[in-house]
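The chain contents come next:
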Amino acid sequence: MADLEERQTGEGSEVIDRAHGACVTAGTPVIIAGIGAAVPQLSASSGVNVAYRSKGRYRATSTTAVTVAQCDALYYDSAAGTVQKTVPAAGFFIGVAAEAVFPAAGDVKDQSLAR
């Protein structure tokens, strides 16, 4: 699975507006101190305020065939730029799977960042 695309907003969705200490890319999760994983809605340079979502439902594209059960923990691998079920060497927890999926490589499935 790869970068996250927002799929659903509204109830349970949380927007945070702040500057990050590094450049950010829209859809690529980052860690915000005191909040945890958040997804920037726009790309921005370091120090520029941008809206982030820390909860909500997102779409991730699988890069390999992997079975994800509902409520499986999902992690973002910063080095590979992928979302996966195993704890990466460089990365962080982003949330849990909203539903069970059994994708082949390249399938697109919705997942949740609810924590």
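Heads up: the structure comes first, above all this text.
What counts and how
Residues numbered from 1 in each chain as written. Predicted model: local features only at pLDDT ≥ 70, side-chain atom pairs only at ≥ 80, totals over all residues. Heavy atoms only, no water. Helix = DSSP H or I, 4+ residues; strand = E, 2+ residues; numbered from the N terminus. Buried < 20%, exposed > 50% of the residue type's maximum accessible area, 1.4 Å probe, protein only. Areas by Shrake-Rupley, 256 points an atom, 1.4 Å probe, with all protein chains shown as cover. Phe/Tyr/Trp six-rings, centres within 6.5 Å; stacked < 30°, edge-to-face > 60°. Pairing = 2+ DSSP bridges. Axes fitted to C-alpha atoms, helices over the stretch in contact; angles between N-to-C directions. Contact = heavy atoms within 4.5 Å. Core = buried A, V, L, I, M, F, W, Y, C linked by side-chain atoms within 4.5 Å.

Peer 1: Help me understand the overall build of the protein chain in this model?
Peer 2: For the protein chain, the count of helices and strands is 0 helices and 10 strands. Secondary structure of the protein chain in N-to-C order comes out as β-β-β-β-β-β-β-β-β-β. Looking at the protein chain as a whole, 37% of its 115 residues are labelled buried. Counting every atom, the protein chain has about 5,700 Å² of accessible surface; 51% of that belongs to carbon and sulfur.

Peer 1: Could you clarify how one ought to interpret the packing of aromatic side chains in this entry?
Peer 2: What describes a pair of aromatic rings is the distance from one ring centre to the other and the angle between the planes of the rings. Within the structure shown, the criterion is met by 2 aromatic pairs. Centroid distance tyrosine 75 to phenylalanine 93: 5.8 Å. Interplanar angle 70°. Geometry classified as edge-to-face. You can see tyrosine 75 sitting in strand 7 (residues 73–77) and its partner phenylalanine 93 sitting in strand 9 (residues 91–96), a full 18 residues away along the chain. Seen from their ring centres, tyrosine 76 and phenylalanine 92 are 5.8 Å apart, and the 40° between their planes marks the pair as tilted. Highlighted residues: tyrosine 76 in strand 7 and phenylalanine 92 in strand 9, separated in sequence by 16 residues. On the accessibility criterion, tyrosine 76 (4% relative accessible area) is buried.

Peer 1: How should I be thinking about the sheet that holds strand 5 (residues 49–55) in this particular structure?
Peer 2: Strands pair in a sheet through their backbones, by hydrogen bonds, and they do so in one of two ways: parallel or antiparallel. Pairing in this open sheet of 4 strands is antiparallel, and the strands run 2-5-4-3 from one edge to the other. The sheet terminates laterally at strand 2 (14–19) and strand 3 (30–32), the two strands that pair on one side only. Averaged over all neighbouring strand pairs, the angle between strand axes comes to 50°, with direction disregarded. Of the strand pairs in this sheet, strand 3 and strand 4 (residues 36–40) are connected by 3 bridges, and their pairing is antiparallel. Within the sheet, the bridge partner assigned to isoleucine 31 lies in strand 4 and is alanine 37.

Peer 1: What should I look at first to understand the environment of cysteine 23 in this one?
Peer 2: One can find cysteine 23 in the loop between strand 2 and strand 3. Put simply, cysteine 23 and serine 43 are 20 residues apart on the chain and 7.6 Å apart in space, counted from C-alpha to C-alpha. Once residues within four sequence positions are removed from consideration, cysteine 23 is found in contact with Ala44, Ser45 and Ser46.

Peer 1: Just to check I follow, could you spell out the sheet that holds strand 9 for this structure?
Peer 2: The strand order across the open sheet built from 3 strands is 8-7-9, with neighbouring strands paired in antiparallel fashion. Strand pairing shows two members of the sheet lacking a second neighbour, strand 8 (82–84) and strand 9, which therefore form its edges. Between one strand axis and the next, the sheet turns through 30° on average, direction left out of account. With 3 bridges connecting them, strand 7 and strand 8 associate as antiparallel partners.

Peer 1: Would you mind showing me how to read the nonpolar core here?
Peer 2: Soluble globular proteins tend to pack their nonpolar side chains together in the buried interior. If you look at the biggest cluster of nonpolar residues, it comprises 9 residues: Ala37, Val68, Leu74, Tyr76, Val83, Phe92, Ile94, Ala97 and Val101. Taken together, the elements giving at least two residues each to this core come down to strand 7 and strand 9. Val24, Ile32, Ala38 and Tyr52 belong to the second-largest nonpolar core, a separate cluster that totals 8 residues.

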